[in-house]
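Here's the letter readout for the chains.
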Amino acid sequence: MELTKAQMAKYMDATLLKADATEAQIDELCNEAKDYDTASVCVNPYWVPRAAKDLEGTDVKVCTVIGFPLGANTTATKVFETNDAIDNGADEVDMVINIGELKSGHDDIVLEDIKAVADAAHAKGALLKVIIETALLTEDEKIRATKMTVDAGADYVKTSTGFSTAGATAPDVALMRETVGPDFGVKAAGGIHSLKEAYDMIDAGATRLGVSAHVQILEEME
């Protein structure tokens, strides 16, 4: 698939989730997102009001992260974070599943955790992407988590936080796409630094890319 620069930009959540990100860096991220017209910017919850202000009057969405990066918060905490983030201006939320409970075989707990956040997000008109952290999972766990994401009523399944042992791989994206079918959202994130890697993820079935190297990748298209 050959994309124009504008089309590639609309696959991208321009991302800055580092702990030491400054106000000036958040502003720079939002200015880049406006210049290239990316799908969204993805920032930590504290920076959502700033990003919403920076992006006012554009079609670039504000995305944030919930239960990030470990997923081991209580469901009530994740729901509160979701409501707070959307009230502050977030249009999309990316939550981390309870990875330990998935690996313990407690799928009912994982499903209810996702569903509670999905219900909270959708009640306020926001999208939910569910991070399953593929690097920590077996193939069976990846499939189970992906199916639960669909069953819980989320909008996307997402590979990675970018803060674990590895990021997205094309085979994982392909497995997730095969599991969810043709119409559900699949987001690849973590370790996508070049145009080739971006295309590899899209060709494998990704409909959204979480990237901190958005400028570098888009400039490669010149």
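Residues numbered from 1 in each chain as written. Predicted model: local features only at pLDDT ≥ 70, side-chain atom pairs only at ≥ 80, totals over all residues. Heavy atoms only, no water.

A. Looking closely at the sheet that holds strand 5 (residues 127-131). The strand order around the closed barrel formed by eight strands is 1-2-3-4-5-6-7-8, and the pairing between neighbours is parallel. Taken over all neighbouring pairs, the strand axes of this sheet differ in orientation by 25° on average, direction set aside. The sheet contact formed by strand 2 (residues 40-43) and strand 3 (residues 61-66) spans four bridges and is parallel. Looking at the pairing, Cys 42 lines up with Cys 63 of strand 3. Along the sheet, helix 4 (residues 75-87) contacts strand 3 and strand 4 (92-96); its crossing angle with strand 3, the most-contacted strand, is approximately 160°. Helix-sheet contacts for helix 6 (residues 107-123) involve strand 4 and strand 5, and the interaxial angle to strand 5 is about 155°. (Pairing = 2+ DSSP bridges. Helix = DSSP H or I, 4+ residues; strand = E, 2+ residues; numbered from the N terminus. Axes fitted to C-alpha atoms, helices over the stretch in contact; angles between N-to-C directions. Contact = heavy atoms within 4.5 Å.)

B. Summary view of the UniProt feature "coiled-coil region" (unreviewed entry) in the protein chain. Taking the UniProt record as the reference, the feature "coiled-coil region" (unreviewed entry) is found at residues 12-39. In residues 12-39, helix accounts for 50% and strand for 18%; the two terminal C-alpha atoms are 5 Å from one another. (UniProt positions renumbered as here; feature names shortened; annotations may be inferred.)

C. Molecular detail of the pattern of salt bridges. Inspection of the entire model under this criterion finds 22 salt bridges. The partner of Asp 200 in a salt bridge is Lys 196, with the nearest N and O atoms 2.8 Å apart. Of this pair, Asp 200 and Lys 196 both sit in helix 9 (residues 195-204), separated by four residues, roughly a single helical turn. For Asp 200, a relative accessible area of 31% gives the class partly exposed. A cluster of three or more residues bridged by salt bridges with shared partners is formed by Asp 13, Glu 92, Asp 94, Lys 129, Lys 158, Lys 187 and Arg 208. (Salt bridge = Lys/Arg side-chain N within 4 Å of Asp/Glu carboxyl O. Buried < 20%, exposed > 50% of the residue type's maximum accessible area, 1.4 Å probe, protein only.)

D. Layout of the UniProt feature "active site" (unreviewed entry) in the protein chain. UniProt marks Asp 94, Lys 158 and Lys 187 with the feature "active site" (unreviewed entry), using the numbering shown here. Over a stretch of 94 residues, the named residues converge on one spot in the fold, their C-alpha atoms separated by at most 10.0 Å. With respect to the helices and strands, the residue Asp 94 is situated in strand 4. Apart from residues no more than four positions distant in its own chain, Asp 94 is found in contact with Cys 63, Thr 64, Val 65, Ile 66, Lys 129, Ile 131, Lys 158 and Lys 187. Of note is the side chain of Asp 94, whose polar atom sits 2.9 Å from the side chain of Lys 158. (Polar contact = N/O pair within 3.5 Å; in protein donor to acceptor, adjacent residues only side chain to side chain.)

E. Representation of the nonpolar core in the model. With 72 residues, the main nonpolar core has Met 8, Val 41, Ile 97, Ile 114, Leu 128 and Leu 209 as its most contacted residues. Top element by residues in this core is helix 9. It accounts for six residues. With near-sequence residues (within four places) excluded, Met 8 lies in contact with Leu 3, Leu 195, Ala 198, Tyr 199, Ile 202, Leu 209, Leu 218 and Met 221. (Core = buried A, V, L, I, M, F, W, Y, C linked by side-chain atoms within 4.5 Å.)

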